[in-house]
Amino acid sequence: MTIIRSEVMGFCAGVQVAVRKVYAAVESGRASGRPVYTIGPLIHNEMFLEKLREEEGVKVISKPEGNPPGIAVIRAHGIPQQERDAFRDAGFELVDGTCRRVMRSQQLVSKSAAEGKQILIVGNPEHGEVKSILGEAEGYPYIYVIQGVDDFPERISLDMETIMLSQTTFSAEQYWSTADTLLHLFRGSPQNAGLEVIDTICPATTLRQEALKKLTVSTDAVLVIGGKQSANTRRLYEMVKEMGKPAWHISAGSELSSDIFEYLTIGITAGASTPEWLIDQVTEQLKKGLP
Ligand code: SF4
């Protein structure tokens, strides 16, 4: 069997930084005798979180109540300002692992709200990143989250200066088609106060998907490694299926199925929250075959 690894896979830059910050916090916690936490799961990968908990004692928490104060690391998605305040007020030291791309969106929202602009965020309202961005304009009445033109709220005013941005991991295709429709709507209105569309999409997802397309074409089947909760990993798996090639989505080597060994050339890719050691572990297991 020949194994070909995707040219781009695994941790994105934002996750790499957040992970480094957690390990630095662990050192600092050891030196000062304080517990270390992450606010929400650092990444969507159970094996990684388990390792962090068992080997380094890092606990995932969602609120300060019920936990002795210590060092709390903010994950790459960021958290709303009110949550930061709650942790600080409860005596926690915060380490900011918010990805710089998410920070840029947070700053755009806070500046635009201060300037009285209308703000449209295209994304999933339940996603941690969108919640953290919304938190920058807490109580501001002219901010809306939409997933596409279908949920364009009627209360949006075309006579207000407006900015539009997206969740960093939103589908680029969907975002730009939504932007086109809304630009058309603004420009066609006599009240048009202007819509500024800002590109906040992260290239990490697109780069992984482009590399996967190349890999899929040159292999017989593709193995996708990553957490079952990770949306970007699931999307990689779906892409291979859409291209008509056999694919498996596994979160650990123990989930390898025997039918994969029927193929001569296997491609390997992994989501943006899959650690390198897990990719190596699975690759080794694939080379050795089933026990
Ligand atoms: S996917 Fe992009 S925006 Fe999100 S954490 Fe990674 S680098 Fe940052």
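Residues numbered from 1 in each chain as written. Predicted model: local features only at pLDDT ≥ 70, side-chain atom pairs only at ≥ 80, totals over all residues. Heavy atoms only, no water.

1. Things to note about the nonpolar core
Phase 1 of the analysis: The biggest cluster of nonpolar side chains holds 24 residues, and the ones touching the most others in it are Val-22, Leu-42 and Phe-48.
Phase 2 of the analysis: Those elements that place two or more of their residues in this core are helix H1 (13–32), helix H2 (46–56) and strand S4 (71–74).
Phase 3 of the analysis: Considering each element in turn, this core owes the most residues, six residues, to H1. (Core = buried A, V, L, I, M, F, W, Y, C linked by side-chain atoms within 4.5 Å. Buried < 20%, exposed > 50% of the residue type's maximum accessible area, 1.4 Å probe, protein only. Helix = DSSP H or I, 4+ residues; strand = E, 2+ residues; numbered from the N terminus.)

2. Here's the deal with the sheet that holds strand S1 (residues 2–5)
Phase 1 of the analysis: Within the open sheet, the four strands sit side by side as S1-S12-S10-S11. Their pairing is parallel. Since the sheet does not close on itself, it has two edges, and those belong to S1 and strand S11 (247–250), each with one partner. Across this sheet, the average inter-strand angle for adjacent strands is 25°, counted without regard to direction.
Phase 2 of the analysis: Relative to S1, helix H9 (residues 276–288) is tilted by about 165°, and along the sheet it contacts S1, strand S10 (221–225), S11 and strand S12 (265–270). (Pairing = 2+ DSSP bridges. Axes fitted to C-alpha atoms, helices over the stretch in contact; angles between N-to-C directions. Contact = heavy atoms within 4.5 Å.)

3. Some details on the site of the ligand
Phase 1 of the analysis: Around the ligand sit Cys-12, Gly-14, Ala-76, Cys-99, Arg-101, Thr-168 and Cys-202, and that is every residue in its neighbourhood.
Phase 2 of the analysis: Its residues placed into classes, the shell around the ligand shows four nonpolar, two polar and one charged. (Near = heavy atom within 4 Å. Nonpolar A, V, L, I, M, F, W, Y, C, P; charged D, E, K, R; others polar.)

4. What to know about the pattern of salt bridges
Phase 1 of the analysis: Overall, the coordinates contain 17 salt bridges when judged by the stated rule.
Phase 2 of the analysis: Salt-bridge contacts for Arg-30 lead to Glu-27; the nearest nitrogen and oxygen are separated by 3.4 Å. Linking Arg-30 with Glu-27, this pair stays in helix H1, spanning three residues, or about one helical turn. Just as Arg-30 is exposed, Glu-27 falls in that class too. (Salt bridge = Lys/Arg side-chain N within 4 Å of Asp/Glu carboxyl O.)

5. Comments concerning helix H6 (residues 172–187)
Phase 1 of the analysis: Relative to the 22 Å expected for 16 residues at 1.5 Å per residue, H6 spans 22 Å between its end C-alpha atoms, a close match to the ideal helical length.
Phase 2 of the analysis: Every buried residue of H6 is accounted for by Tyr-175, Thr-178, Ala-179, Leu-182, Leu-183 and Phe-186. Taken around the axis of H6, the buried residues stretch over an arc of 135°, which confines them to a single face. Exposed residues lying more than 90 degrees from the buried face of H6 are Glu-173, Asp-180 and His-184.
Phase 3 of the analysis: Where the residues of H6 are buried, they touch strand S6 (118–122), strand S7 (143–146), strand S8 (162–166) and strand S9 (195–197). (Expected span 1.5 Å × (residues − 1). Arc of directions from axis to C-beta.)

6. Re the pairing of S7
Phase 1 of the analysis: Where S6 and S7 come together, four bridges link them in parallel fashion. Pairing of Leu-120 across the sheet is with Tyr-144, part of S7.
Phase 2 of the analysis: As for the winding sense of the linkage, the β-α-β connection from S6 through helix H5 (residues 128–134) to S7 is right-handed. (Right-handed = clockwise from strand over helix to strand, strands pointing away.)

7. Here we look at the domain arrangement of the protein
Phase 1 of the analysis: The assigned domain composition of the protein is domain 1 (2–10 + 203–288), domain 2 (13–99) and domain 3 (101–197).
Phase 2 of the analysis: Using C-alpha coordinates to define each centre, domain 1 is positioned 29 Å away from domain 2.
Phase 3 of the analysis: Counting from both sides, the interface comprises 13 residues of domain 1 and, opposite them, seven residues of domain 2.
Phase 4 of the analysis: Summed over both sides, the interface of domain 1 with domain 2 buries roughly 720 Å², with 67% coming from carbon and sulfur.
Phase 5 of the analysis: Of all residues in domain 1, Ser-273, Pro-275 and Trp-277 give up the largest surface area on contact with domain 2, accounting jointly for 52% of the area buried on that side. (Domains from an automatic or database assignment. Buried area = accessible area lost by both parts, 1.4 Å probe.)

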